[in-house]
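Single-letter residue listing:
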Amino acid sequence: MEEPIEVGHPLIDHHLQLLRDERTSPGDFRRSARLLATLLAFEATRDLETVETTVRTPLETTSGRRLAQRVGLVPVLRAGLLMVDPLLDLIPDAEVWHLGIFRDESTAQPVYYYDKVPTDRPVDVALVLDPMLATGGTVCVVVDRLRAWGVPRIEIVSLIAAPEGIAMVRRRHPDVRIRACAVDRHLDHRKYIVPGLGDAGDRGFNTQRDDR
Ligand code: URA
């Protein structure tokens with residue numbers, strides 16, 4: 001059985017409708033995006049392994065558990081950057097690996113313009129931060145790159161996902177889990193998610209231009 005993608009929660013519903021609202025300011029957009037990333041991370045990190053540890057409180061020594069795995073955050077540039085800080089707040093020792101990719105329209109092949117992902121000592125778990133999982137093309141290239149690095153477990157964390165993108169990920173990477181606040185209807189002719197929220201990078205970084 002395929003796992004559910006949508007992480008349901010009243011707080012997610014609330015901040016998602018703020019994010020969708022075209023009147024939401026860039027500052028409020030970033031704030032809601034950060035809060036949603038935190039709420040999604042709670043679900044996406046549910047299976048992280050922990051080990052027992054001891055800790056000395058002011059009263060006595062007691063036991064606790066700490067994270068045992070190396071976690072890598074891989075933001076899909078540029079909008080994925082909106083989700084990095086909330087994840088780092090939760091997992092301060094996470095490694096952040098940047099990959100810059102665009103599609104060469106003449107060959108339809110992905111072109112890496114920035115790739116700092118190493119070739120050895122892969123992380124145990126990679127969280128790919130892609131706020132808008134639209135066609136799935138870019139995210140699948142990112143997953144290919146992480147697989148080549150040897151990452152055994154990869155999760156995609158998105159604010160909104162389109163059925164087209166989900167289908168591509170499931171076809172090419174059936175073992176990669178996707179977590180999102182919502183699965184929307186479809187992509188339009190420009191490959192924007194409908195109803196979506198527009199261009200997440202432009203809205204979060206206040207680079208919307210009327211002349212585009
Ligand atoms: N990227 C976005 O920012 N928005 C979409 O709707 C699709 C891709």
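Below: a short report on this structure. (Residues numbered from 1 in each chain as written. Predicted model: local features only at pLDDT ≥ 70, side-chain atom pairs only at ≥ 80, totals over all residues. Heavy atoms only, no water.)

**Details of the nonpolar core**
Thought 1: Grouped together as the largest cluster of nonpolar side chains are 36 residues, with contacts concentrated most on Leu19, Leu127, Leu129 and Leu159.
Thought 2: The set of elements that each furnish at least two residues to this core consists of α1 (10-20), α2 (26-44), β3 (71-75), α3 (84-90), β7 (125-129), β9 (153-161) and β10 (177-183).
Thought 3: Take this core: its biggest share by element is seven residues, from α2.
Thought 4: Ignoring any residue separated from it by four or fewer positions in sequence, one finds Leu127 in contact with Ala44, Thr45, Val71, Gly72, Leu73, Val74, Leu87, Glu155 and Val157.
Thought 5: Counting residues in each nonpolar core, the second largest holds 27 residues, with Ala126, Val139, Ile156 and Ala180 among its members. (Core = buried A, V, L, I, M, F, W, Y, C linked by side-chain atoms within 4.5 Å. Buried < 20%, exposed > 50% of the residue type's maximum accessible area, 1.4 Å probe, protein only. Helix = DSSP H or I, 4+ residues; strand = E, 2+ residues; numbered from the N terminus. Contact = heavy atoms within 4.5 Å.)

**Remarks on helix α4 (residues 137-149)**
Thought 1: Here α4 spans 19 Å end to end across 13 residues, near enough to the 18 Å set by a 1.5 Å rise per residue.
Thought 2: Of the residues making up α4, those classed as buried are Val139, Cys140, Val141, Val142, Val143, Arg145, Leu146 and Trp149.
Thought 3: Gly150 lies just past α4 and shows a positive phi near 100°. (Expected span 1.5 Å × (residues − 1).)

**Thoughts on the pattern of salt bridges**
Thought 1: Across all of its chains, the model carries 14 salt bridges by this definition.
Thought 2: Salt-bridge contacts for Asp202 lead to Arg78; the nearest nitrogen and oxygen are separated by 2.7 Å. A residue pair is termed long-range when its members are at least 10 positions apart, and Asp202 in helix α6 (residues 200-205) and Arg78 in the loop between β3 and α3 qualify at 124 residues.
Thought 3: Looking at Arg78, the relative accessible area reads 34%, which means it is partly exposed.
Thought 4: Here Asp175 and Arg147 are joined by a salt bridge, their closest N and O atoms 2.5 Å apart. Here Asp175, found in the loop between α5 (163-172) and β10, pairs with Arg147, found in helix α4; they are 28 residues apart in sequence, far enough to count as distant.
Thought 5: Overall, Asp175 belongs to the exposed group, its relative accessible area being 51%. (Salt bridge = Lys/Arg side-chain N within 4 Å of Asp/Glu carboxyl O.)

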